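Geometric and topological summary
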Amino acid sequence: MQLIDTHVHLNFDAFQTDLEAVRSRWQQAGVVHLVHSCVEPSEFGSIQALAHRFPELSFAVGLHPLDAAQWTDKTAEEIKFLACSDSKVVAIGETGLDFYKAKDYEQQLRVFESQLEIASELNLPVIIHCRDAASEVRRVLQKWKELKGESVRGVMHCWGGTPTETEWFQELGFYISFSGTVTFKNAKQIQESVAMVRSDRLLVETDCPFLAPVPKRGERRNEPAYVHYVAEQVARLRGETLEVIASLTTQNACKLFGLAL
């Protein structure tokens, strides 16, 4: 059985002392590939180094919506340069909108649309962070489709939306990725969304070091091996076997990110 963790942050300080042991555990858990997301350009060097240290690690480059104030013309150039010069870059992001923690709506929108432009130009998928902003993200993506005549490819990562919102993004061709939140007792709308996602749009992730799943929720650090628990819960909610979910999500990740296992 093979699993792909489609969203990790292994360059964070939480992993600096024992990353080789963390890797050993993800290998033992059947995690055969990982996609490392990016928060801001200062991370580019450290993420790229990890991707070349671990053959099973691909990565994305982008600017998180909560750091939208950092965006400059140079940021766009840096993203493009690294995405074009390193074959291990498989996506742009994470980008998107976060209206839960920040109110700089217009700046976030400008930065989001700029990264959609880069992704479209380079024919790469986008990794979208969306919190308290589903309607606006949908509006931006619909507007993009109308102007360009085609949808941007990508994934709604660490998805926490309602079934209705889930359907919005499926209609736009997006993949839906679930994290450890799907295992939380009170995450009813997320669990309902899991049950209705199309099989060819389903992904799993940890978003580590955040959001450790049950039964590891009490731990201070999440890690890629725990994507196994996410997949198990997804299987339970969909009335399918773990093996089926592992196979589906691995195939979907390979298709979206252009991975060859």
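Now for a quick tour of the structure. Position numbers for residues count from 1 along each chain, tracking the sequence in the order it is written. Confidence filtering applies because this is a predicted model: local features only for residues at pLDDT of at least 70, side-chain atom pairs given and counted only at 80 or more, and all residues used for totals across whole chains, interfaces and linings. With hydrogens and water excluded, all non-hydrogen atoms of the structure serve as input to the side-chain values.

**What to know about the side chain of glutamine 108**
- Mapped onto the elements, glutamine 108 comes out in helix α4 (residues 105-122).
- Summary of the burial criterion: residues with accessible area below 20% of their type's maximum are buried, those above 50% are exposed, and those between are partly exposed, where the area comes from a 1.4 Å probe applied to protein chains only. For glutamine 108, a relative accessible area of 1% puts it in the buried group. For the purposes of this entry, the term helix denotes a DSSP run of H or I that reaches at least four residues, the term strand denotes a run of E that reaches at least two, and both are numbered from the N terminus.

**Description of the packing of aromatic side chains**
- Centre distance within 6.5 Å is the pairing criterion for rings of Phe, Tyr and Trp, where only the six-membered ring of Trp is used; planes under 30 degrees apart are then read as stacked, over 60 as edge-to-face, and the remainder as tilted. Tallying each qualifying case throughout the model produces five aromatic pairs.
- Here phenylalanine 99 and tyrosine 105 contribute two aromatic rings whose centre-to-centre distance is 4.4 Å and whose plane-to-plane angle is 65°, an arrangement assigned as edge-to-face.
- Using a relative accessible area of 37% as the deciding quantity, one classes tyrosine 105 as partly exposed.
- To sit over a ring, a charge needs its Lys NZ or Arg CZ within 6 Å of the ring centre and within 35 degrees of the ring normal. Positioned above the aromatic ring of tryptophan 144, the side-chain terminus of lysine 148 is 4.9 Å from the ring centre.

**Focus: the packing of α4 against helix α5 (residues 134-148)**
- Lines fitted to the C-alpha atoms define the axes, with helices restricted to the stretch that makes contact. Angles between their N-to-C directions range from 0 to 180 degrees. Two elements in contact, α4 and α5, have axes separated by 12 Å at closest approach and are oriented at 45°. By the criterion of interaxial angle, the relationship of α4 to α5 is oblique. Helix-helix and strand crossings are classified by hand; for α4 and α5 the assignment is right-handed. Counting all contacts with α4, which are made through Leu109, Phe112, Glu113, Leu116, Glu117 and Ser120, the residues of α5 involved are Glu136, Val137, Arg139, Val140, Leu141, Lys143, Trp144 and Lys148.
- Each residue gets one label: Ala, Val, Leu, Ile, Met, Phe, Trp, Tyr, Cys and Pro are nonpolar, Asp, Glu, Lys and Arg are charged, and the others, such as Gly, are polar. Of the residues contributing to the contact of α4 with α5, the split by class is seven nonpolar, one polar and six charged. In this scheme, roughly parallel covers angles under 35 degrees and roughly antiparallel covers those over 145, while 65 to 115 is roughly perpendicular and the rest are oblique. Left-handed is the label given to a crossing in which the near helix is rotated counterclockwise from the far helix by less than a right angle, and right-handed is the label when the rotation is clockwise. Here, two residues are considered to be in contact whenever any of their heavy atoms come within 4.5 Å of each other.

**Considerations on the sheet that holds strand β2 (residues 31-36)**
- Spatially, eight strands are ordered β1-β2-β3-β4-β5-β6-β7-β8 in an open sheet, and the strand pairing comes out parallel. Strands at the two margins of the open sheet, each flanked by one partner only, are β1 (3-8) and β8 (202-204). For this sheet, the mean angle separating the axes of adjacent strands, direction not counted, is 30°.
- Pairing of β2 with strand β3 (residues 57-61) involves three bridges; the strand directions are parallel. Bridging across to β3, leucine 34 finds its partner in leucine 57.
- Sitting on the sheet, α4 touches β4 (89-98) and β5 (126-131), and the angle it makes with β4 is about 160°. DSSP calls a pair of strands paired once it identifies at least 2 bridges connecting them.

**So, the nonpolar core**
- In terms of nonpolar packing, the biggest core is built from 74 residues, with Leu10, Val137 and Phe169 touching the most fellow members.
- The element best represented in this core is α4, accounting for six residues.
- Discounting chain neighbours no more than four positions away, the residues touching valine 137 are Leu97, Phe112, Ile128, Cys130, Met156 and Phe169.
- Grouping buried Ala, Val, Leu, Ile, Met, Phe, Trp, Tyr and Cys residues that are joined through side-chain atoms within 4.5 Å yields what is termed a nonpolar core. Among the nonpolar cores identified, the runner-up in size contains 14 residues, and Ile4, Leu203, Cys254 and Leu256 belong to it.

**What to know about helix α6 (residues 163-171)**
- Within the sequence span of α6, burial applies to Thr166, Trp168, Phe169 and Gln170.
- Contacts from the buried residues of α6 go to α5, β6 (154-156), β7 (175-178) and α7 (188-196).

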